[in-house]
Amino acid sequence: MARIADLLARGRTFSFEFFPPKTDYAQLTLGRTIAELESLAPSFVSVTYGAGGSTRARTHAVVEWVRKETHITPMAHLTCTAHSRAEIDEILANYTAAGVENILALGGDPPVGGAEPGPSDYSYALDLVEHIAGSDGFSVGVAAHPEVHPRSTDRANDRRHLAEKLRRADFAITQFFFEADHYFRMLDELSALGVDKPVIPGIMPVTNKNQVRRMAELSGAAFPKWLAERIGDSTDEAEVAKIGIEVATELCSALLAGGAPGLHFFTMNRSTATRDIYERLGLPVS
Ligand code: FAD
């Protein structure tokens, strides 16, 4: 197993993101997906966390399973929302005991349509990063939003807060986006603030247009007109997925050609799109 900071220091990383399944059926699907993606030899995989601790046990279970049952390095997501420092210490101690060395420290989103989250000892992800950086051994990543976080008052403040967070963390992973310029512009803005830590672009292949439109609205990422036009009126899921994979492959090629330190795929717990993009990029698939 490895610290992601060390992996990035050695070269490009290719990584996959999963969410903790809610049902036995979804759990079996995720098990199969991880088995199918293991042959791509990912640098690491990450597992999301329900803000407010709603998936606390399930996130831990998937991360620990990956750590013990596969050869892949896992990273656990962790959010500030509704957590005390004592709870975070307990969660970190459990990950240390399980041999997990990587945490993605996040602000967290309030549950959609759910109850108001309880009080938190942290205001922003930076507070969590500082807490975790104080405990030995973890490599810490943070979130970055190429198109600016939807709650940011303006672009300059967004970049200032991101730069502050990245100075304390080892790396960032971005929210998904569809145009490489958003990513490279953000890197230039960070560089102007004196921050050159690795920022791994997050890739979301469009496999179902309604779902991605909904997620784009929530995350603040624009669903560009040219992409909507390329998909057109097609309601054929297979046709939409084919276009989505072509578009994602073009984006990945542009990002790699421009020097991105890796690619992080939001897999939605399925392997097909990621495997397809890997093959089209000429990355090794066994
Ligand atoms: P923060 O860094 O706290 O930023 C949130 C907002 O506060 C920004 O607008 C920022 O500019 C502003 N801000 C920061 N510091 C200050 C300050 N000192 N004063 C004023 N404003 C400030 N969510 C989940 O719930 N679970 C997950 O597992 C999860 N995984 C994710 C994985 C990736 C790769 C990404 C990109 C996002 C993920 N998210 C997840 C979503 C994330 O939690 C949300 O985008 C959340 O709204 C913000 O998180 P953040 O870490 O950027 O927060």
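Residues numbered from 1 in each chain as written. Predicted model: local features only at pLDDT ≥ 70, side-chain atom pairs only at ≥ 80, totals over all residues. Heavy atoms only, no water.

A description of unusual backbone geometry should follow, citing residues and the corresponding values.
The backbone of alanine 82 sits at a positive phi, close to 60 degrees, despite the residue not being glycine. The topology assignment puts alanine 82 in the loop between strand 3 (74-79) and helix 4 (85-97). Phi is positive for asparagine 269, close to 65 degrees, though the residue is something other than glycine. You can see asparagine 269 is positioned in the loop between strand 8 (262-266) and helix 11 (272-281). (Helix = DSSP H or I, 4+ residues; strand = E, 2+ residues; numbered from the N terminus.)

Tell me what's going on with the pattern of salt bridges, and back it up with residues and numbers.
Within this structure, the stated rule accounts for 14 salt bridges. Where salt bridges share partners, they join Arg155, Asp158, Arg159, Arg185 and Glu189 into one cluster. (Salt bridge = Lys/Arg side-chain N within 4 Å of Asp/Glu carboxyl O.)

So what about the environment of arginine 168? Which residues, and what values?
Mapped onto the elements of the fold, arginine 168 is located in helix 6 (residues 155-168). Separated by 18 residues in the primary sequence, arginine 168 and methionine 186 have C-alpha atoms spaced 18 Å apart. Not counting chain neighbours up to four residues away, the residues in contact with arginine 168 comprise Leu126, Val129, Glu130, Ala133 and Lys197. At 3.4 Å, the side chain of arginine 168 forms a polar contact with the side chain of glutamate 130. (Contact = heavy atoms within 4.5 Å. Polar contact = N/O pair within 3.5 Å; in protein donor to acceptor, adjacent residues only side chain to side chain.)

I'd like to hear about the pairing of strand 5 (residues 139-144), residue by residue, with values.
Counted residue by residue, strand 5 has six buried out of six residues, so it is predominantly covered. A two-sided burial pattern is seen for strand 5, the buried positions comprising Ser139, Gly141 and Ala143 on one face and Val140, Val142 and Ala144 on the other. In the sheet, strand 4 (residues 102-106) pairs with strand 5 via four bridges, with the strands oriented parallel. Considered in strand 5, the bridge of leucine 104 is made with glycine 141. Here strand 5 runs beside strand 6 (residues 171-176); their pairing, made up of four bridges, is parallel. What sits directly across from alanine 144, in strand 6, is threonine 174. (Buried < 20%, exposed > 50% of the residue type's maximum accessible area, 1.4 Å probe, protein only. Pairing = 2+ DSSP bridges.)

Could you give me a rundown of the sheet that holds strand 1 (residues 13-18), with the residues and numbers involved?
The strand order around the closed barrel built from eight strands is 1-2-3-4-5-6-7-8, with neighbouring strands paired in parallel fashion. Sheet twist, expressed as the average angle between the axes of neighbouring strands with direction ignored, equals 30 degrees. Pairing analysis gives three bridges linking strand 6 to strand 7 (residues 199-203), with the strands arranged parallel. Counted as the bridge partner of alanine 172 is valine 199 from strand 7. Helix 4 rests against strand 3 and strand 4 of the sheet, and its axis sits at about 175 degrees to strand 3. Strands in contact with helix 5 (residues 125-133) are strand 3, strand 4 and strand 5; relative to strand 4, the strand with the most contacts, it is inclined by about 150 degrees. (Axes fitted to C-alpha atoms, helices over the stretch in contact; angles between N-to-C directions.)

An account of the packing of aromatic side chains is needed here, citing residue identities and associated values.
Here the distance between the centres and the angle between the planes together describe a pair of aromatic rings. Scanning the model with the defined rule gives nine aromatic pairs in all. Between the aromatic rings of phenylalanine 14 and tyrosine 278, the centroid separation amounts to 6.1 Å while the plane-to-plane angle is 75 degrees, which identifies the pairing as edge-to-face. A residue pair is termed long-range when its members are at least 10 positions apart, and phenylalanine 14 in strand 1 and tyrosine 278 in helix 11 qualify at 264 residues. Residues phenylalanine 176 and phenylalanine 178 carry aromatic rings whose centres are separated by 5.7 Å and whose planes lie at 65 degrees to one another, so their mutual orientation is edge-to-face. Comparing phenylalanine 176 with phenylalanine 178 shows no difference in burial state: the two are buried. (Phe/Tyr/Trp six-rings, centres within 6.5 Å; stacked < 30°, edge-to-face > 60°.)

Would you mind going over the nonpolar core in detail, with residue names and values included?
Counting residues in each nonpolar core, the largest one holds 60 residues, and the members touching the most others are Leu78, Ile132, Leu255 and Leu263. When residues of this core are assigned to their parent elements, the largest contribution, six residues, is made by helix 10 (residues 237-257). Counting residues in hydrophobic clusters, the runner-up holds 13 residues, among them Met204, Phe223, Ile243 and Val247. (Core = buried A, V, L, I, M, F, W, Y, C linked by side-chain atoms within 4.5 Å.)

Describe the packing of helix 10 against helix 11, with residues and values.
Any two packed helices are characterised by the angle at which their axes cross and by the distance between the axes. Viewed as axis vectors pointing N to C, helix 10 and helix 11 meet at an angle of 50 degrees, and their least axial separation amounts to 10 Å. Taken together, the axis directions place helix 10 and helix 11 in an arrangement best described as oblique. For the element pair helix 10 and helix 11, the recorded crossing hand is right-handed. Facing Ile245, Glu246, Ala248, Thr249, Cys252 and Ser253 of helix 10, the residues of helix 11 in contact are Ala273, Asp276, Ile277, Arg280 and Leu281. Across the contact of helix 10 with helix 11, the residue classes break down as six nonpolar, two polar and three charged. (Parallel < 35°, antiparallel > 145°, perpendicular 65-115°, else oblique. Left-handed = near helix turned anticlockwise from the far one by under 90°. Nonpolar A, V, L, I, M, F, W, Y, C, P; charged D, E, K, R; others polar.)

Just distances and angles here, no functional claims.
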